[in-house]
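This is what each chain is made of:
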Amino acid sequence: MAKKVLVVDDEKLIVKGIRFSLEQDGMEVDCAYDGQEALDLATANHYDMILLDVMLPKLDGFEVCQNIREFSNVPIVMLTAKGDDMDKILGLEYGADDYITKPFNILEVKARIKAIMRRAAAGQPAADEKKVDENTIEDGDIILDKRNRNVTILGTEYNLTAKEFEMMVLLVTNPKVVFSREDLLNKIWGPDYPGDERTVDVHIRRLREKIEPNPKEPKYVRTKWGVGYYYQ
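Not measured: the values here are computed from a predicted model.

(A) Expanded view of helix H9 (residues 198–211). With 14 residues, H9 ought to run about 20 Å at 1.5 Å a step, and its terminal C-alpha atoms sit 20 Å apart, in line with that. Three or more residues of H9 are buried, namely Thr199, Val200, Val202, His203, Ile204, Arg206, Leu207, Arg208 and Ile211.

Below is the structure:
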């Protein structure tokens with residue numbers, strides 16, 4: 001089945017170029033030119049990926065991302081014309097999985113999309129897999145649902161973004177193993193990811209805010225000061 005991508009940007013030439021290039025690779029592409037239209041399409045359709053510009057009419061990209069995260073864990077890549085690191089980190093705070101800074105090379109965009117889709121697919125079982133032990137990871141209070149990419153802790157279900165879920169799987173399946181920020185960046189985002197280690201800190205903080213009874217004193221995702229993070 002063809003992958004379906006939503007491209008959101010108010011610059012129609014950029015949208016046209018991305019759409020043409022992705023369709024050449026056999027993907028289905030929907031387009032939106034303002035934040036409200038993007039949110040409406042994301043609500044009404046299933047997408048494998050959303051490319052979302054930051055500066056949009058009606059609703060900006062951060063607002064759209066935050067709203068989508070209320071009902072979907074679809075991978076979201078922010079497109080930003082600004083080089084300021086704070087804009088990039090802010091996008092991650094609102095639930096984005098990655099960012100690309102304009103001007104960009106379309107080959108870079110396609111490579112990033114394919115890499116994220118591969119990682120998302122690797123975290124999901126084949127459609128004919130029915131065995132519970134292949135679809136879930138259980139450890140103590142925690143149940144990780146690989147099919148729906150969410151976590152249940154003490155009976156409460158939490159929806160995670162793609163990167164948050166991948167980090168949970170890595171940490172839970174390697175209990176008490178301390179992963180440095182560099183380790184997590186390489187394993188979750190890939191060795192060619194151009195971002196820095198603060199990306200990891202942002203995702204860990206957001207993950208803790210979702211799953212920890214007290215994020216300031218984490219029970220599950222712990223910090224080894226000066227080294228990195230581990231699962232207890």
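(B) Here's a closer look at the pairing of strand S4 (residues 76–80). Judged by how many residues are buried, S4 sits mostly within the fold: five of five residues are covered. A two-sided burial pattern is seen for S4, the buried positions comprising Ile76, Met78 and Thr80 on one face and Val77 and Leu79 on the other. As paired elements, S4 and strand S5 (residues 98–101) share four bridges and run parallel to each other. Each bridged residue has a counterpart across the sheet, and for threonine 80 the counterpart in S5 is threonine 101.

(C) Local environment of the sheet that holds strand S7 (residues 142–145). With antiparallel pairing, the four strands of this open sheet are ordered in space as S6-S7-S8-S9. Of all the strands in the sheet, the pair left with one neighbour each is strand S6 (136–139) and strand S9 (156–159). When strand polarity is set aside, the average angle formed by the axes of neighbouring strands in this sheet is 20°. Pairing between S7 and strand S8 (residues 150–153): four bridges, direction antiparallel. By the bridge assignment, leucine 144 is partnered in S8 with valine 151.

(D) The arrangement of the UniProt feature "modified residue: 4-aspartylphosphate" (unreviewed entry) in the chain in detail. Under the local residue numbering, the UniProt record ascribes the feature "modified residue: 4-aspartylphosphate" (unreviewed entry) to Asp53. With respect to the helices and strands, the residue aspartate 53 is situated in strand S3 (residues 49–53).

(E) Structural view of the packing of helix H7 (residues 162–172) against helix H8 (residues 181–189). Close contact between H7 and H8 brings their axes to 10 Å; oriented N to C, the two are set at 115°. Handedness of the H7/H8 crossing: right-handed. Contacts between H7 and H8 pair Lys163, Glu166, Met167 and Leu170 from the former with Leu184, Lys187, Ile188 and Trp189 from the latter. For the contact of H7 with H8, the residue count by class is five nonpolar, no polar and three charged.

(F) Representation of the confidence of the model for the chain. Looking at the chain as a whole, its pLDDT mean stands at 84, while 91% of the residues score no less than 70. Mean pLDDT values for the elements of the chain range from 58 in helix H6 (residues 132–135) up to 96 in strand S2 (residues 28–32). Low pLDDT (under 50) marks residues 125–132, which in the prediction has nine contacts with non-local residues, meaning those over four places away or in another chain.

(G) Representation of the side chain of glutamate 212 within the structure. With respect to the helices and strands, glutamate 212 occurs in the loop between H9 and strand S10 (221–224). One buried charged residue, glutamate 212, remains without a salt bridge, the closest side chain of opposite sign being arginine 208 at 5.0 Å. A polar contact is formed between the side chain of glutamate 212 and the backbone nitrogen of tyrosine 220, at a distance of 3.0 Å. Not counting residues up to four positions away in its chain, the partners in contact with glutamate 212 are Pro218, Lys219, Tyr220 and Val221.

(H) Looking closely at the sheet that holds S2. Judged by pairing direction, the sheet is parallel, and its five strands sit side by side in the order S2-S1-S3-S4-S5 without closing on themselves. One side of each edge strand has no neighbouring strand; the edge strands of this open sheet are S2 and S5. Strand-to-strand twist of the sheet, defined as the mean angle between neighbouring strand axes without regard to direction, takes the value 20°. Two strands pair when backbone bridges link them, and S3 and S4 are joined in this way by four bridges, in the parallel orientation. When the bridges of S4 are listed, leucine 52 appears paired with methionine 78. The strands touched by helix H1 (residues 12–24) are strand S1 (4–8), S2, S3 and S4; relative to S2, the strand with the most contacts, the crossing angle is about 170°.

(I) Up close: the domain arrangement of the chain. Examined at the domain level, the chain breaks down into domain 1 (2–120) and domain 2 (134–229). The C-alpha centroid of domain 2 is placed 23 Å from the C-alpha centroid of domain 1. Across the contact, 17 residues belong to domain 1 and 21 residues belong to domain 2. Buried surface at the junction of domain 1 and domain 2, both sides included, amounts to about 1500 Å², of which 45% is carbon and sulfur. A per-residue breakdown of the area domain 1 buries against domain 2 is headed by Asn73, Asp97 and Arg119, which together make up 37% of the total. Inspection of the domain 1/domain 2 interface yields one salt bridge. For the salt bridge of glutamate 93 with arginine 205, the shortest nitrogen-to-oxygen distance reads 2.2 Å. Across the domain 1-domain 2 interface, the total number found is five residue pairs in polar contact (both at pLDDT 80 or more). Only helix H4 (85–93), S5 and helix H5 (106–122) provide two or more residues apiece to the side of domain 1 that touches domain 2. Residues of the side of domain 1 that touches domain 2, tallied by class, amount to eight nonpolar, two polar and seven charged.

Rules behind the numbers
Residues numbered from 1 in each chain as written. Predicted model: local features only at pLDDT ≥ 70, side-chain atom pairs only at ≥ 80, totals over all residues. Heavy atoms only, no water. Helix = DSSP H or I, 4+ residues; strand = E, 2+ residues; numbered from the N terminus. Expected span 1.5 Å × (residues − 1). Buried < 20%, exposed > 50% of the residue type's maximum accessible area, 1.4 Å probe, protein only. Pairing = 2+ DSSP bridges. Axes fitted to C-alpha atoms, helices over the stretch in contact; angles between N-to-C directions. UniProt positions renumbered as here; feature names shortened; annotations may be inferred. Left-handed = near helix turned anticlockwise from the far one by under 90°. Contact = heavy atoms within 4.5 Å. Nonpolar A, V, L, I, M, F, W, Y, C, P; charged D, E, K, R; others polar. pLDDT = per-residue confidence, 0-100. Lys, Arg positive; Asp, Glu negative; His and termini not counted. Salt bridge = Lys/Arg side-chain N within 4 Å of Asp/Glu carboxyl O. Polar contact = N/O pair within 3.5 Å; in protein donor to acceptor, adjacent residues only side chain to side chain. Domains from an automatic or database assignment. Buried area = accessible area lost by both parts, 1.4 Å probe.

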